[in-house]
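Listed here are the chains, written in short residue letters.
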Amino acid sequence: MGKTVLILGGGTGGVVAANVLRKTLGREHRVVLVDRKENHEFYSPIPFLLVNQRRPQQLTRKLSRLGRKGIDFWQAEVRSVNPARSQVETDRGTIDYDYLIISLGAEHRPENLPGFQEGAYNVYSLSGASRLSRRLQQFSGGRIVIFISSIPFVCPSAAYEIAFLLDEYLRKKGLRHRTELSLITPERSPEPLAGPLVGARLRRDLARRYIKLTTEAKVLSLENGRLKLDQGEVEGDLFIGVPPHRGPSALESSGLTGEGGWIEVDPHTLATRVENIFGVGDATAIRLPVMQTWAPKSGIFAHYQAEVAARNIALLLSGKKPHHRFTGKGL
Ligand SMILES: Cc1cc2nc3c(=O)[nH]c(=O)nc-3n(C[C@H](O)[C@H](O)[C@H](O)COP(=O)(O)OP(=O)(O)OC[C@H]3O[C@@H](n4cnc5c(N)ncnc54)[C@H](O)[C@@H]3O)c2cc1C
């Protein structure tokens, strides 16, 4: 009898999982994908959107297009997951599943940093990035402060990419000499997981472009054009923020999450503590064997993790032993 594989989230991990499953499973099995949004949003080009090298409509695709491939798309808000009943509660009703892949991403909580919503542009949302892009077109010079609110955060390189692209953009507009650029991060060093050589190189390149870097900074609040840190204050005219993150709130009562609300998974199989449920992408917390830290949250990992989970489910459904493993591909 046909089974239902349900995928929560139509971002990078969810769409990859759905495509792989549809290609590998027989048509007797259903593949259903749920997302609250009408569109898949692709975040990697956001830094280019800011400097007018991309348009917002180039970053989205209608999720209903998955229907053409035989993937059912439900636009609905996921409210909770009930592993004991193999059911997901949404604002459009209950969905039963045989296998579940959760790829709900990281939840952005600008409201958790006092003053963020009133005083900063949230570059981790398409609407915030589009607003900032329009603001930058009117910008005539001043102090731009890019800050990372807290750890963990999605995409370790995005803030640095934004800083370098802004430097180039302002030079081309003849405004760089009238602009101070600074970047504030709670990290010990830029991109710590890429190793000390990359960190040193980034520091050098930032300094060469007169981008002031402050590391190991705890951001406390943003008030009246002042970013308050545990190590003093930074004044600015335009604040660009990476908001605080948390695991998806829809999973709070699921029993699948640990510290910070992130899904606990086996780092190689992406299996959760419940047999028929897998977690992939930004919503998971994967402890690395090195540096006592967590694996970075990146689209490239979400992609390969989704492939592993989807391929193993396809094997299970055909009565075979799952053997695919995530080994850090993409790093
Ligand atoms: C500015 C920026 C630049 C980046 N650049 C890169 C890069 O160059 N390279 C790279 O590898 N990665 C990059 N990333 C990171 C990458 O975008 C993420 O790691 C990736 O999107 C994670 O995929 P995911 O499927 O885990 O989550 P997401 O892509 O965030 O998808 C989660 C989906 O779940 C949906 N959802 C959440 N909660 C609910 C709910 N309750 N009900 C219904 N739907 C829900 C959301 O609407 C969303 O569509 C960047 C990120 C940003 C913000």
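Residues numbered from 1 in each chain as written. Predicted model: local features only at pLDDT ≥ 70, side-chain atom pairs only at ≥ 80, totals over all residues.

**Re the overall build of the protein chain**
Tallying secondary structure elements over the protein chain gives 7 helices and 22 strands in all. What you see for the protein chain is a C-alpha radius of gyration of 21 Å, in line with the 20 Å of a compact globule of 331 residues. Oriented by its inertia axes, the alpha-carbon framework of the protein chain measures out at about 70 × 40 × 30 Å. Of all 331 residues assigned to the protein chain, the portion counted as buried reaches 40%. A sequence separation of at least 24 residues applies to 66% of the contacts in the protein chain between residues at least 6 apart. (Helix = DSSP H or I, 4+ residues; strand = E, 2+ residues; numbered from the N terminus. Rg over C-alpha atoms; globule rule 2.2 N^0.38 Å. Buried ≥ 20, exposed ≤ 12 C-beta atoms within 10 Å, placed from the backbone. Contact = placed C-beta atoms within 7 Å.)

**Describing the domain arrangement of the protein chain**
Under the domain assignment, the protein chain is made up of domain 1 (4–106 + 247–317) and domain 2 (109–244). A separation of 29 Å is found between the C-alpha centroids of domain 1 and domain 2. Tallying the contact residues gives 15 residues for domain 1 and 18 residues for domain 2. It is helix α2 (residues 46–50) that provides the largest number of residues to the side of domain 1 that touches domain 2, a total of 4 residues. For the side of domain 1 that touches domain 2, the residue count by class is 10 nonpolar, 2 polar and 3 charged. (Domains from an automatic or database assignment. Nonpolar A, V, L, I, M, F, W, Y, C, P; charged D, E, K, R; others polar.)

**What about the sheet that holds strand β15 (residues 219–223)?**
Remark on secondary structure: sheet strands pair via backbone hydrogen bonds, oriented parallel or antiparallel. Ordered by their spatial adjacency, 3 strands build an open sheet running β15-β16-β17, and the pairing between neighbours is antiparallel. Strands at the two margins of the open sheet, each flanked by one partner only, are β15 and β17 (232–235). Each adjacent strand pair in this sheet contributes to an overall mean axis angle of 20°, direction not counted. Examined bridge by bridge, β15 and strand β16 (residues 226–229) share 4 bridges and lie antiparallel to one another. When the sheet's bridge partners are listed, L222 is paired in β16 with L227. (Pairing = 2+ DSSP bridges. Axes fitted to C-alpha atoms, helices over the stretch in contact; angles between N-to-C directions.)

**Things to note about helix α4 (residues 126–138)**
For an α-helix the count is 3.6 residues per turn, leaving residues at separations of three or four pointing the same way. Here α4 spans 19 Å end to end across 13 residues, near enough to the 18 Å set by a 1.5 Å rise per residue. Within α4, the full set of buried residues consists of A129, L132, S133 and L136. For α4, the arc enclosing every buried residue in end-on projection is 105°, short of the 170-degree limit, so these residues lie on one face. Exposed and oriented more than 90 degrees from the buried face of α4 are S127, R134, Q137 and Q138. Residues of α4 that are buried sit in contact with α2, β11 (120–122) and β18 (238–242). (Expected span 1.5 Å × (residues − 1). Arc of directions from axis to C-beta.)

**Observations concerning the sheet that holds strand β9 (residues 99–102)**
Read from one edge to the other, the open sheet built from 5 strands follows the order β5-β2-β1-β9-β21, with strand pairing classed as parallel. Each having just a single partner strand, β5 (72–75) and β21 (277–279) make up the two edges of the open sheet. When the angles between neighbouring strand axes are averaged without regard to direction, this sheet yields 20°. Relative to the sheet, helix α1 (residues 12–24) contacts β1 (4–8), β2 (30–35) and β9, its axis offset from that of β2 by approximately 170°.

**Regarding the nonpolar core**
Membership of the largest hydrophobic core comes to 94 residues, with the highest contact counts inside it found for A17, A163 and A309. Broken down by element, this core gets its largest block of residues, 9 residues, from helix α7 (residues 299–317). Among the domains, domain 1 (4–106 + 247–317) and domain 2 (109–244) are the pair contributing at least three residues each to this core. Apart from residues no more than four positions distant in its own chain, A17 is found in contact with I7, I101, S103, V280, A306, A309 and A310. (Core = buried A, V, L, I, M, F, W, Y, C linked by C-beta atoms within 7 Å.)

**Details of the packing of α1 against α7**
When two helices pack together, you describe them by how their axes are tilted relative to each other and by the distance separating the axes. α7 packs onto α1 with a crossing angle of 30° between their chain directions and a minimal axis gap of 8 Å. With respect to α7, the element α1 is oriented roughly parallel. For the element pair α1 and α7, the recorded crossing hand is right-handed. In this structure, α1 contributes T12, G13, V16, A17, V20, L21 and T24 to the contact, and α7 contributes G299, A302, H303, Q305, A306, E307, A309, A310, R311, I313 and A314. Tallied by class, residues from the contact of α1 with α7 come to 10 nonpolar, 6 polar and 2 charged. (Parallel < 35°, antiparallel > 145°, perpendicular 65-115°, else oblique. Left-handed = near helix turned anticlockwise from the far one by under 90°.)

**With respect to the environment of A295**
Within the secondary structure, A295 is located in the loop between β22 (284–285) and α7. Under the C-beta neighbour-count criterion, A295 is labelled partly exposed, with 18 such atoms within 10 Å. Non-local contacts of A295, meaning those with residues more than four positions away in its chain, are made with I286, L288 and F301.

**Remarks on α1**
In this model α1 runs 18 Å from its N-terminal to its C-terminal C-alpha over 13 residues, within 8% of the 18 Å that 1.5 Å per residue would give. Among all positions of α1, only T12, G13, G14, V15, V16, A17, A18 and L21 are buried. On its buried side, α1 packs onto β1, β2, β3 (39–41), β9 and α7.

**What about the pairing of strand β12 (residues 142–148)?**
Burial analysis of β12 places 5 of its 7 residues in the buried class, which makes it a mostly covered element. Taken together, the 6 bridges between β12 and strand β13 (residues 179–184) define a ladder with parallel strand orientation. Looking across to β13, one finds that I146 is bridged to L183. On the question of chirality, the crossover connecting β12 to the parallel β13 by way of helix α5 (residues 158–172) is right-handed. (Right-handed = clockwise from strand over helix to strand, strands pointing away.)

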